[in-house]
Amino acid sequence: RQSMRSGVALCLMAPFFCSAWQVQGFAPKFLRLASHHGHKAVTARRFSSARRPPVSRAPAMQAGSSPSADKPFVCTTPLYYVNGPPHMGSAYPTIAADILADYYRMTGRPAVFVTGSDEHGEKIATTAAGKGMEPKQFCDAMVGEFKQLWDKLGIKYDSFIRTTDEKHEAIVREFFQRVWDNGDIYKKDYTGRYCVGCEAYLGEDEMETIDDVEHCCKIHRKPAELRREENYFFRLSKYQEKLEELFRDRPDFVQPEYRFNEVKNWIKEGIPDFSISRSSITWGIPVPNDKDQVIYVWFDALLGYISALLQQGDEPTLANAMKRGWPCDVHIIGKDILRFHAVYWPAMLMSAGVPLPRYIHSHGFLTKDGLKMGKSLGNVLEPTELVEKHGSDAVRYYFSKGLDFGSDGDFNEERFASLLNNDLANDLGNLLNRCLSPLRKHAGDSFPELKTPQDHILRSNAMTLTERCSSSYESLDFRSAGEAALELARIGNKYMDDSAPWTLFKEGKKEEGFLVLMSILESVRIAAVMLKPMIPDLSLKIYLQLGFSQEAWKAISWKDTEWQDLPAGQKLPDPRPVFSKIEIEESAQAAPTDNKEEKKKQQQKQQQQQQQQQQQQDLADFLRLDLRVGKILTAEKHPDADSLLVEQIDVGEETPRQIVSGLAKFYSPEQLVGRKVVVLCNLKPAKMRGVESQGMVLAAGTDNVELLSPPEESAVGDRVKEEGGEDPMPDPLLKSKSQAKVWDRVVEELKTDSECRATYKDKRLVTSQGACSVPSLKDAPIK
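Residues numbered from 1 in each chain as written. Predicted model: local features only at pLDDT ≥ 70, side-chain atom pairs only at ≥ 80, totals over all residues. Heavy atoms only, no water.

**Student:** Mind laying out the overall build of the chain, listing which residues take part and the relevant values?
**Tutor:** Scanning the chain from terminus to terminus reveals 23 helices and 33 strands. When burial is assessed residue by residue, the chain has 57% of its 783 residues classed as buried. Summing over all exposed atoms, the chain offers an accessible surface of approximately 32,600 Å²; the carbon and sulfur share of this is 46%. (Helix = DSSP H or I, 4+ residues; strand = E, 2+ residues; numbered from the N terminus. Buried < 20%, exposed > 50% of the residue type's maximum accessible area, 1.4 Å probe, protein only. Areas by Shrake-Rupley, 256 points an atom, 1.4 Å probe, with all protein chains shown as cover.)

This is the structure:
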């Protein structure tokens, strides 16, 4: 909520609320399948789909299963704070929720996708006044911009709730009364530090000293005002034990797991009551029977997830809203608003006697080229511009298949173009045309009659990969879902190269040639169905290229991922590209011009880049490191150096990293396999005796060396940070120039303490599960 209120496009702020499995007697099915993607993720001989080691994911629900037969699948984005226009942080979780809802509709289960706008609070009133507008008038304009962007992105929400809607206000009043009647609301004087950007009183752990100015908000980096108000408070402390019990009984209530660990740590030391009204503003829902107070925006906006379920003609009551699909299946939210959703919201619902959401999925922040985004830096990623330039499917695909949903995500234009060109233009689109052209040449303008054998290599792989795709969608692992479809296309490309149908036709083996081409085209059709939730427009183009009608496309379901064989006699249109390659514009530095206006733009861009670089350099050195938990999958001796080992290490990416380390004197390869280690991931790749190394494994000691180990419970890919410190903002790659040797400066301060725990400047290095350590070396250097 804090990032949503900031109006700064630096956060993927709206994680969805995805329903998991909370209803008693309903056991979640845990499917932790993720594909292991190599540059060509197909073994040449076997055509079998490889898989990377399992990673921690949200629990996955079987398609069509639900606590009650008629309950729809309900997922929500946050209600976006409309203090300004939508940005990529708003679009990111909305794309994810749209994909999820469309997948469930394809499985035959009704789905309700909720989004909306949070329109109350001091910040909106102040912004509207500054523009000479009434708050509602200003909100109307902003809501229009959100809806316009959702339309451009192909977002198909079922309910757009506004907190200024009368039905919502009625639900808030009823809910407030329930909590009041339960004895959980009281009034008292309060003095505290208030951040207008967050619209919240801040705790000491939410403030810091910046440039000798105390009590600055960590998010907005501005001093929090000291305020005194008489407000209504919610007895959050009363629900301490119930929350602890909830977290014990439902270990998947918050995903990813490391975010849940943060939540558990928050309540360990006790949770204070919090203010649920404001007396200093008037733009909000009045507190019942107290015209001098308005209900706090967080207490107000969270209830939009319930009021949004009301249908036209329903009397606006909690009972009527809940029977339309509550509890919701999944809330998708950003990590900066996790406390409100995982602590405050469950306690509020308990007080009112309302069932809890099934689970909460929290994602990270969005960066550009490894840097935070902000208007002051001139590097804000505008989703409207991106859609207008490249189309909605390109944007949807990158921000689903291109990022690991749950972790921080980065936009890089070169990676954007590379991913789309390789996956959609080459692997998928080119395969379609490679088959259609020779098929039309040898079979005419319609499909020949042909039956694919049950044991055909593409048919068996299609079955395996569609199952993986399905389970990945259900666990919000969009990267793996997309990769399953692309892996099927890559297998098809490999099969075509090996089978060489052009040679079969030359040799007069028409039927064999038709089998190759028709089986590949059927696998492309299946891939299009698998990708429909992500890229509906491109998938439609593939279907049309295969001779299907618009009506056939509209009727497809997940059942159409089953092998069907293309219908004999179906007419084929002329082949044409379904996705045009993206060309990256040359940089301003590489394109000198005499045009004065263009020169001015180039200078501005150069200044922005310099500002970004300076901002990154101004970060504390340690925050620029990309330290992660890795798991050693294989280890073997270096072919040309007895002192070196070559390891394949899973650090939570698409493929394992190859790392060369000088551990051969201290560990055998067998001792390393299966161990969790700490890996520095953003060193520039370098060759060590002819073998490329893509990172560094940390260890302590000199004459005697011990590997630095994270707690065994740590998830692969979990960040390593300073205890109590800020989240890292790593450089894409650490610079190697003498004036910028970040790692050289950091390593001088890395060592173990008297308890063998890793420290940097005497602060412990921790994952979400605890401190990193070595077995026995005390006060030893780490490198």
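Now, onward.
**Student:** Any details on the pattern of salt bridges? Residues and values, ideally.
**Tutor:** For the coordinates displayed, the defined rule picks out 44 salt bridges. The closest approach of N and O atoms between K532 and D102, which form a salt bridge, is 3.1 Å. One end of the pair, K532, is in the loop between helix 18 (510-531) and helix 19 (536-545); the other, D102, is in helix 2 (residues 88-106), with 430 residues separating them in the sequence. Relative accessible area serves as the criterion here: at 14%, K532 is assigned to the buried category. On the accessibility criterion, D102 (6% relative accessible area) is buried. A salt bridge links E755 to R757, with the nearest nitrogen and oxygen atoms 1.6 Å apart. Salt bridges sharing partners connect three or more residues here, namely K401, D423, D427, E483 and R490. (Salt bridge = Lys/Arg side-chain N within 4 Å of Asp/Glu carboxyl O.)

**Student:** Any chance you could break down the environment of L79 for me, citing the residues and the numbers?
**Tutor:** Mapped onto the elements, L79 comes out in strand 2 (residues 73-81). Considering only alpha carbons, one finds L79 and Y305, 226 residues apart in sequence, at a separation of 8.2 Å.

**Student:** Break down the packing of helix 5 (residues 166-181) against helix 11 (residues 338-352) for me, citing the residues and quoting the values.
**Tutor:** Axis separation between helix 5 and helix 11 bottoms out at 8 Å; the angle between their running directions is 75°. Overall, the two elements helix 5 and helix 11 adopt an arrangement that is roughly perpendicular. Residues F175, R178 and V179 of helix 5 form the contact with helix 11, whose own contacting residues are M348, L349, S351 and A352. (Axes fitted to C-alpha atoms, helices over the stretch in contact; angles between N-to-C directions. Parallel < 35°, antiparallel > 145°, perpendicular 65-115°, else oblique. Contact = heavy atoms within 4.5 Å.)

**Student:** Mind laying out the pairing of strand 9 (residues 225-234), listing which residues take part and the relevant values?
**Tutor:** For strand 5 (residues 185-195) and strand 9, the ladder comprises ten bridges, and the chain directions are antiparallel. Across the sheet, I185 pairs through a bridge with F234, a residue of strand 9. Direction of pairing for strand 9 relative to strand 11 (residues 274-275): antiparallel, over a ladder of two bridges. Of the residues in strand 11, the one forming a bridge with F234 is F274. (Pairing = 2+ DSSP bridges.)

**Student:** Go over the sheet that holds strand 11, please, and point to the residues and values.
**Tutor:** Read across the open sheet, the four strands follow the order 6-5-9-11; overall the sheet is antiparallel. Only two strands of the sheet have a single partner each, and these edge strands are strand 6 (200-202) and strand 11. Note that strand 5 and strand 6 share three bridges and pair antiparallel. Its bridge partner being in strand 6, Y194 is matched across the sheet by Y201.

**Student:** Before we move on, could you go through the sheet that holds strand 21 (residues 641-650) and cite the residues and values that matter?
**Tutor:** Spatially, five strands are ordered 22-21-20-23-26 in an open sheet, and the strand pairing comes out antiparallel. Two strands close off the open sheet at either side, each with one partner strand: strand 22 (657-661) and strand 26 (696-697). As judged from the five bridges shared by strand 21 and strand 22, these two strands associate in the antiparallel manner. Bridge pairing links E647 to I659 in strand 22.

**Student:** So, a negative patch on the surface: which residues are in play, and what are the values?
**Tutor:** The grouping of D744, E748, E749 and D762 at the surface amounts to a negative patch. With respect to the secondary-structure elements, D744 resides in helix 23 (residues 742-747). You can call D744 partly exposed: its relative accessible area is 38%. (Patch = residues over 30% accessible without salt bridge, like charges linked within 9 Å, V, L, I, M, F, W, Y side chains within 5 Å. Lys, Arg positive; Asp, Glu negative; His and termini not counted. Charge placed at Lys NZ, Arg CZ, Asp CG, Glu CD.)

**Student:** Requested: an account of helix 12 (residues 383-390), with residues and values cited.
**Tutor:** Helical geometry: 3.6 residues make up each α-helical turn, so side chains three or four residues apart lie on a common side. Along helix 12, the residues classified as buried are P383, L386 and V387. One side of helix 12 carries all its buried residues, which in axial view fall inside an arc of 95°. Across from the buried face of helix 12, at angles greater than 90 degrees, the exposed residues are E385 and E388. Buried residues along helix 12 sit against helix 2, helix 4 (135-152), helix 13 (392-398) and strand 19 (409-411). (Arc of directions from axis to C-beta.)

**Student:** Pulling in residues and values, what's your account of the pairing of strand 14 (residues 290-295)?
**Tutor:** When strand 12 (residues 277-278) meets strand 14, the two strands line up antiparallel, connected through two bridges. Looking across to strand 14, one finds that R278 is bridged to V294. Sheet topology note: the strand 13 (residues 286-287)/strand 14 ladder contains two bridges and is antiparallel. Bridge assignment links P286 to a residue of strand 14, and that residue is V294. Count of turn residues in the strand 13/strand 14 antiparallel hairpin: two residues, of which N289 carries a positive phi of about 70°.

**Student:** Describe the environment of L633, naming the residues involved and giving the relevant values.
**Tutor:** In this structure, L633 sits in strand 20 (residues 627-638). Taking the C-alpha atoms as reference, L633 lies 6.8 Å from D650; in sequence the two are 17 residues apart.

**Student:** Outline the packing of aromatic side chains, supporting the account with residue identities and numerical values.
**Tutor:** A complete count under the given rule lists 34 aromatic pairs for this structure. Relative to W150, the ring of F146 lies with its centre 5.9 Å away and its plane at 70°, an arrangement referred to as edge-to-face. Of this pair, F146 and W150 both sit in helix 4, four residues apart, which is roughly one turn of that helix. A relative accessible area of 2% places F146 in the buried class. Here F247 and F260 contribute two aromatic rings whose centre-to-centre distance is 5.2 Å and whose plane-to-plane angle is 80°, an arrangement assigned as edge-to-face. Within this pair, whereas F247 is found in helix 6 (residues 240-249), its partner F260 is found in helix 7 (residues 257-268), the two being separated by 13 residues in sequence. We note that F247, like F260, is buried. Grouping aromatic residues by their ring pairs yields a cluster made of Y92, Y398, F399, F405, F411, F416 and F478. Sitting over the face of the ring of F160, K147 holds its NZ or CZ atom 4.9 Å from the ring centroid. Sitting over the face of the ring of W266, R339 holds its NZ or CZ atom 4.4 Å from the ring centroid. (Phe/Tyr/Trp six-rings, centres within 6.5 Å; stacked < 30°, edge-to-face > 60°. Lys NZ or Arg CZ within 6 Å of the ring centre and 35° of its normal.)

**Student:** Tell me about the packing of helix 7 against helix 11, residues and numbers included.
**Tutor:** Viewed as axis vectors pointing N to C, helix 7 and helix 11 meet at an angle of 60°, and their least axial separation amounts to 11 Å. Our classification of the angle between helix 7 and helix 11 gives oblique. In this structure, helix 7 crosses over helix 11, and the sense of that crossing is right-handed. Between helix 7 and helix 11, the contacting residues are R259, V263, W266 and I267 on the first element and L338, R339, A342 and V343 on the second. A class-by-class count of the residues in the contact of helix 7 with helix 11 yields six nonpolar, no polar and two charged. (Left-handed = near helix turned anticlockwise from the far one by under 90°. Nonpolar A, V, L, I, M, F, W, Y, C, P; charged D, E, K, R; others polar.)

Geometry only, nothing functional implied.
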